[in-house]
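# Examination of the molecular architecture
Listed below are the residues making up each chain.
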Amino acid sequence: MNLRFVSALALRELRAQPGRLGLHALSIAVGVAALVAVSNLRLALQRSVAEQAQALLGSDLMVSSRRPLPDEVLRDLRRDARRLVEETSFRSMLVLPAADASRLVQVRAFDGAFPLHGQLGTAPAEAAAAFPVPGTVLVDDTLLRQFDARVGDTVRLGTATLHIAGALLRVPGEAPAESFIAPRVFLARADLPATGLLQPGAVLTHRAHLLLKPGVEADEIRGALKARQLDAQSVASRQADLIKGAEGIAQFLGLTGLAALLLGGLGVAAAAHTYAQERAREVALLRCLGATGGEAVLVPLFQVGALTALAAGLGALAGTALAALAGPALRHWLAVEMPRSASL
């Protein structure tokens with residue numbers, strides 16, 4: 001069997017009619033690209049969650065309740081914490097007098113600098129370092145752009161008039177898409193009484209963010225708080241929740257990739273069947289010219305194999321590029337910063 005003759009003849013025919021196996025190559029490339037893109041996005045998401053675990057929570061431990069945290073609980077938490085920041089969160093209407101407009105917002109009031117891990121993204125940047133400043137608010141950038149409001153303008157929250165100190169661009173551990181329904185407004189907790197919004201029946205969420213002392217285990221505190229029927233999240237539990245969510249996204253994308261591969265398989269089968277029918281006479285002619293049965297059959301097999309390898313390689317490159325582009329494009333829907341590069 002002359003393999004040199006087989007490869008030369010196969011390449012010559014491919015150069016003469018490059019489109020004969022075009023559907024086959026395209027099906028392989030699309031299927032491989034989909035699988036590689038899904039796999040790379042999944043790995044990048046898991047890696048980002050692991051690297052940004054502390055910043056995603058904003059603290060070592062977060063305790064939350066619909067009722068004010070009992071004094072004895074706060075006393076025990078302060079004993080184990082280097083720093084403790086209390087937060088009160090609720091939804092209300094924010095009035096923008098300059099635009100003669102109002103908007104439903106998510107109000108979050110803190111009694112100290114937040115977050116304890118990571119940093120707020122604001123414009124100007126110094127607004128994040130100074131927060132919280134009584135009498136001022138940080139307003140979600142989407143809200144400012146919606147009503148053409150600017151830093152320095154005044155807003156009304158309840159009966160309190162506050163000045164906009166900065167635009168809120170990014171909050172660690174929160175996807176920007178979370179603010180689409182109710183943009184976020186951050187302010188000092190000391191300003192809450194002036195708003196007149198803390199009335200009986202108001203739906204409030206109370207949180208305590210802790211930076212723990214060395215040697216204190218967050219999971220042990222979580223267990224004790226659970227016995228008191230209080231919800232608490234540690235870095236590890238937050239990471240586990242995000243990875244679980246990432247796995248759900250990966251499974252959905254995996255099904256998409258599998259569907260693409262199945263459709264590609266149908267295309268490959270159709271193309272291979274048509275090509276085999278077209279090659280029947282050529283194989284017979286090669287046999288008449290003295291080619292052995294093995295050589296005559298190897299020519300189309302070599303062509304299919306070469307195109308499959310080329311299409312798989314191009315599909316892998318396309319999938320890698322797609323994953324690298326999709327990561328930053330998904331930043332509005334993810335709570336983590338995705339890398340701008342991906343690997344095979």
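Structural notes, computed from the coordinates.

Conventions used here
- Residues numbered from 1 in each chain as written.
- Predicted model: local features only at pLDDT ≥ 70, side-chain atom pairs only at ≥ 80, totals over all residues.
- Heavy atoms only, no water.
- Helix = DSSP H or I, 4+ residues; strand = E, 2+ residues; numbered from the N terminus.
- Buried < 20%, exposed > 50% of the residue type's maximum accessible area, 1.4 Å probe, protein only.
- Contact = heavy atoms within 4.5 Å.
- Areas by Shrake-Rupley, 256 points an atom, 1.4 Å probe, with all protein chains shown as cover.
- Core = buried A, V, L, I, M, F, W, Y, C linked by side-chain atoms within 4.5 Å.
- Arc of directions from axis to C-beta.
- Salt bridge = Lys/Arg side-chain N within 4 Å of Asp/Glu carboxyl O.
- Patch = residues over 30% accessible without salt bridge, like charges linked within 9 Å, V, L, I, M, F, W, Y side chains within 5 Å.
- Phe/Tyr/Trp six-rings, centres within 6.5 Å; stacked < 30°, edge-to-face > 60°.
- Polar contact = N/O pair within 3.5 Å; in protein donor to acceptor, adjacent residues only side chain to side chain.
- Pairing = 2+ DSSP bridges.

### A few points about the overall build of the protein
Scanning the protein from terminus to terminus reveals 10 helices and 10 strands. Relative to its full complement of 344 residues, the protein shows a buried share of 47%. Here the analysis covers contacts within the protein between residues at least 6 apart in sequence; of these, 79% occur between residues at least 24 apart. Only carbon and sulfur atoms are counted for the fraction: they give 60% of the accessible area of the protein, which is about 18000 Å².

### Topic: the nonpolar core
Leu94, Val137, Val139, Val155, Leu162 and Leu187 are the most contacted members of the largest nonpolar core, which totals 23 residues. Of all the elements in the fold, those that place two or more residues in this core are β2 (81-96), β3 (101-110), β5 (136-140), α6 (141-146), β6 (154-157), β7 (160-170) and β8 (184-188). Residues in contact with leucine 94, not counting those within four places in the same chain, are Ala101, Ser102, Arg103, Val105, Leu143, Val155, Arg156, Leu157 and Val185.

### Comments concerning helix α8 (residues 218-227)
Of all the positions in α8, only Ala218, Ile221 and Leu225 are classed as buried. Relative to the axis of α8, the buried residues are bounded by an arc of 60 degrees and lie together on one face. Counted as exposed and oriented over 90 degrees from the buried face of α8: Glu220, Lys226 and Ala227. Where α8 is buried, its residues touch β1 (61-65), α4 (71-80), β9 (205-212) and β10 (231-234).

### Some remarks on unusual backbone geometry
In this chain, phenylalanine 114 is followed by proline 115 through a cis amide linkage whose omega measures 0 degrees. Position of proline 115 among the secondary structure elements: in the loop between β3 and β4 (121-123). Cis peptide bonds are those with omega within 30 degrees of zero, and the linkage from phenylalanine 131 to proline 132 qualifies with 0 degrees. For proline 132, the location among the structural elements is in the loop between α5 (126-130) and β5. Even without being a glycine, aspartate 100 presents a positive backbone phi close to 50 degrees. Locating aspartate 100 in the fold gives a position in the loop between β2 and β3.

### What about the pattern of salt bridges?
In total, this model carries nine salt bridges according to the counting rule given. Ionic contacts of the salt-bridge type, sharing partners, join the residues Asp76, Arg79 and Arg228 into one network.

### Some points on the environment of arginine 222
Relative to the elements of secondary structure, arginine 222 occurs in helix α8. Separated by 15 residues in the primary sequence, arginine 222 and serine 237 place their C-alpha atoms 9.9 Å from one another. Once residues lying within four places of it in the same chain are set aside, the contact partners of arginine 222 are Leu61, Ala232, Gln233, Ser234 and Ser237.

### Some points on a nonpolar patch on the surface
On the surface, Leu35, Leu255, Leu258, Leu261 and Leu262 cluster together to form a nonpolar patch covering roughly 460 Å² of accessible area. Tallying contributions element by element places helix α9 (residues 235-288) first for the nonpolar patch, with four residues. Structurally, leucine 35 is set in helix α2 (residues 22-51). Leucine 35 sits in the partly exposed class, given a relative accessible area of 37%.

### Here's the deal with the packing of aromatic side chains
According to the stated counting rule, one finds four aromatic pairs in the structure shown. Relative to phenylalanine 131, the ring of phenylalanine 110 has its centre 5.9 Å away and its plane inclined at 75 degrees; by these criteria the two rings are edge-to-face. Residue phenylalanine 110 is found in strand β3, and its partner phenylalanine 131 is found in the loop between α5 and β5; the two are separated by 21 residues along the sequence. A single burial state applies to phenylalanine 110 and to phenylalanine 131, both of which are buried. What makes phenylalanine 131 buried here is its relative accessible area of 7%. Ring pairing ties together the aromatic residues Phe110, Phe114, Phe131 and Phe186, which thus form one cluster.

### Remarks on the side chain of threonine 205
Residue placement: threonine 205 occurs in strand β9. Reaching out from threonine 205, the side chain makes a polar contact with the side chain of arginine 66 at a distance of 3.0 Å. The residues touching threonine 205, leaving out its near neighbours within four places in the chain, are Ser65, Arg66, Glu87, Thr88 and Ser89.

### Remarks on the pairing of β1
For β1, the tally of buried residues reaches five of five residues, placing the bulk of the element in the interior. Burial along β1 is two-sided: the residues Leu61, Val63 and Ser65 and Met62 and Ser64 are all buried. The pairing of β1 with β9 spans five bridges and is antiparallel. In the sheet register, leucine 61 faces β9, and the bridge partner there is leucine 210. Note that β1 and β10 share four bridges and pair antiparallel. Within the sheet, the bridge partner assigned to methionine 62 lies in β10 and is glutamine 233.

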